[in-house]
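Here is how the chains run, residue by residue.
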Amino acid sequence: MLHYVILVCLGIMSLATILNMVRLVIGPDMPDRVLALDTLYINAIALIILFGLYLDSDLFFEAALLIAVMGFVGTVAVSRYLLRGDIIE
Amino acid sequence: MMRPRAFLPHPWLSLFLLIVWQLIMNDLGAGTLIMGAVTAWLIPLMTNPFWPNPPTLHKPLVLFRFTCTVLLDIVTANIEVAKLILGPSRVLRPAFVEYPLELTNDFAISVLASTVSLTPGTVSSDISDDRKTLLIHGLDVADAQELIDNIKQRYENPLKEVFECSTT
Amino acid sequence: MNDTTWIEWLVAALILIGSVFALIGSIGLLKLPDFFMRLHGPTKATTLGVGALVIGSLIHFSTKGDGLSMHELLITIFLFITAPTSANLMAQAAMHLQLKRVKQTKGEPWQQ
């Protein structure tokens, strides 16, 4: 039973990712695109956790944690750049 | 004899680091525990210069209760925000609200700002240069004063109790 | 046997709720009319969605038989700490660039 639920959830998350991609492409301004990327990486974490559940493997946790850390650093760096025109002052 | 403050500058940060270390290692052996304790002692000692005025925790129990309220609020607020998002967006009443801060400690302010961002349909957007006003954007604000009062008595008062002396 | 099916239902419910919340966050990102309103979807709905998903996965791996497995909780803690920070920075960037807001917005972002 869980198997099918995970498949359905993978479908839902893929749909969410597609919606993010649409916003990433049409986003009228730069912050919109940054926000779309931010949501995209959080959804990628969800997808990886779901995939780990699907394969019944604990190994994907590290990948998810790394994406969380790197995504946060990326968002902060790009926002700083938009805010000050410079990342490290 | 060293003063306890110099020996262990941030006891709560050390405890947090130890818990995170245990979570990463996912193992309760003696070796990992000792390594974690050494790390949790050394990192606050080495990063001490970056924490110019550390917050003092007065009432851990109040903080615990505050955390529980916030976690519950996150769930209820999310259901509300989900309804607002799925409903028609024409009827939403977005607003910028200036929230007068009473907290003075930087750490306490950042905890409050994070709480505001995670809970009821509001995102904290900016803080004034004199650290007295927080700019909040609300997704659907019926009455700005009510929002301010709500945040004040639900989140700021417990935080004031936890982080700042109430002797004044 | 009865016990394991009960846990399976719980895990299934948690990951379904998590995925639906993440989807709602993404719908909000696509649908709402201006940037400051779009900011609400990802910071709240998506964060809670991933939180519920992680808790479901945690229960699944903890009840498999090889001991408690709590380390996935780290992802949730990390997201709950970083999501408000990045939202705040993006809002500051948007105010700096003076993005347009929908007409019914009350109040003004200040200029410093």
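Residues numbered from 1 in each chain as written. Chains lettered and ligands numbered in written order. Predicted model: local features only at pLDDT ≥ 70, side-chain atom pairs only at ≥ 80, totals over all residues. Heavy atoms only, no water.

A word on the nonpolar core
- Counting 36 residues, the largest nonpolar core has Tyr99, Leu112 and Ile151 of chain B as the members making the most contacts within it.
- Among the elements of the structure, α4 (60–86), β1 (95–100), α5 (106–118), β3 (133–138) and α6 (144–163) of chain B together with α1 (2–31) and α3 (40–62) of chain C are those that each provide at least two residues to this core.
- Among residues more than four places away in sequence, those in contact with Leu112 of chain B are Tyr99, Leu101, Leu103, Tyr155, Glu156 and Leu159 of chain B.
- Formed by 33 residues, the second largest nonpolar core is a distinct cluster that contains Cys9 and Leu65 of chain A together with Ile7 and Leu79 of chain C. (Core = buried A, V, L, I, M, F, W, Y, C linked by side-chain atoms within 4.5 Å. Buried < 20%, exposed > 50% of the residue type's maximum accessible area, 1.4 Å probe, protein only. Helix = DSSP H or I, 4+ residues; strand = E, 2+ residues; numbered from the N terminus. Contact = heavy atoms within 4.5 Å.)

Describing the packing of aromatic side chains
- Scanning all chains against the criterion turns up five aromatic pairs over all chains.
- Judged by centre distance (6.4 Å) and plane angle (25°), the ring pair of Phe51 of chain A and Tyr54 of chain A falls under stacked. Taken together, the residues Phe51 of chain A and Tyr54 of chain A, both in helix α2 (residues 30–55) and three residues apart, mark about one turn of the helix.
- Overall, Tyr54 of chain A belongs to the partly exposed group, its relative accessible area being 31%.
- Arranged with centres 5.2 Å apart and planes meeting at 75°, the rings of Phe96 of chain B and Phe36 of chain C form a pair that is edge-to-face. Of this pair, Phe96 of chain B sits in strand β1 while Phe36 of chain C is found in helix α2 (residues 35–38), placing the two residues in two different chains.
- Residue class for Phe96 of chain B comes out buried when judged on its relative accessible area of 7%.
- Through a chain of ring-to-ring contacts, three or more aromatic side chains come together here, namely Phe51, Tyr54 and Phe60 of chain A. (Phe/Tyr/Trp six-rings, centres within 6.5 Å; stacked < 30°, edge-to-face > 60°.)

Describing the interface of chain C and chain B
- The interface of chain C with chain B comprises 40 residues on the first partner and 43 residues on the second.
- The junction of chain C with chain B conceals about 3500 Å² of combined surface from both sides, 70% of it contributed by carbon and sulfur atoms.
- Those elements that provide at least two residues to the side of chain C that touches chain B are α1, α2, α3 and α4 (73–96) of chain C.
- Looking at the side of chain C that touches chain B, the element that brings in the most residues is α4 of chain C, giving 10 residues.
- When the residues that make up the side of chain C that touches chain B are grouped by side-chain class, the tally is 23 nonpolar, 12 polar and five charged. (Buried area = accessible area lost by both parts, 1.4 Å probe. Nonpolar A, V, L, I, M, F, W, Y, C, P; charged D, E, K, R; others polar.)

A closer look at the interface of chain C and chain A
- Each partner contributes to the interface: chain C provides 45 residues, whereas chain A provides 46 residues.
- Here chain C and chain A share an interface that buries about 4200 Å² over both sides, 79% of which is from carbon and sulfur atoms.
- Sorting the residues of chain C by area buried against chain A places Leu29, Leu30 and Met90 of chain C first, and these three jointly supply 13% of that buried surface.
- Between the two partners, chain C and chain A, sit one salt bridge.
- In this structure, the salt-bridge partner of Arg38 of chain C is Asp32 of chain A, at a minimum N-O distance of 2.2 Å.
- Summed over the shared surface of chain C and chain A, the result is seven residue pairs in polar contact (both at pLDDT 80 or more).
- Looking at the side of chain C that touches chain A, its residues break down into 29 nonpolar, 12 polar and four charged. (Salt bridge = Lys/Arg side-chain N within 4 Å of Asp/Glu carboxyl O. Polar contact = N/O pair within 3.5 Å; in protein donor to acceptor, adjacent residues only side chain to side chain.)

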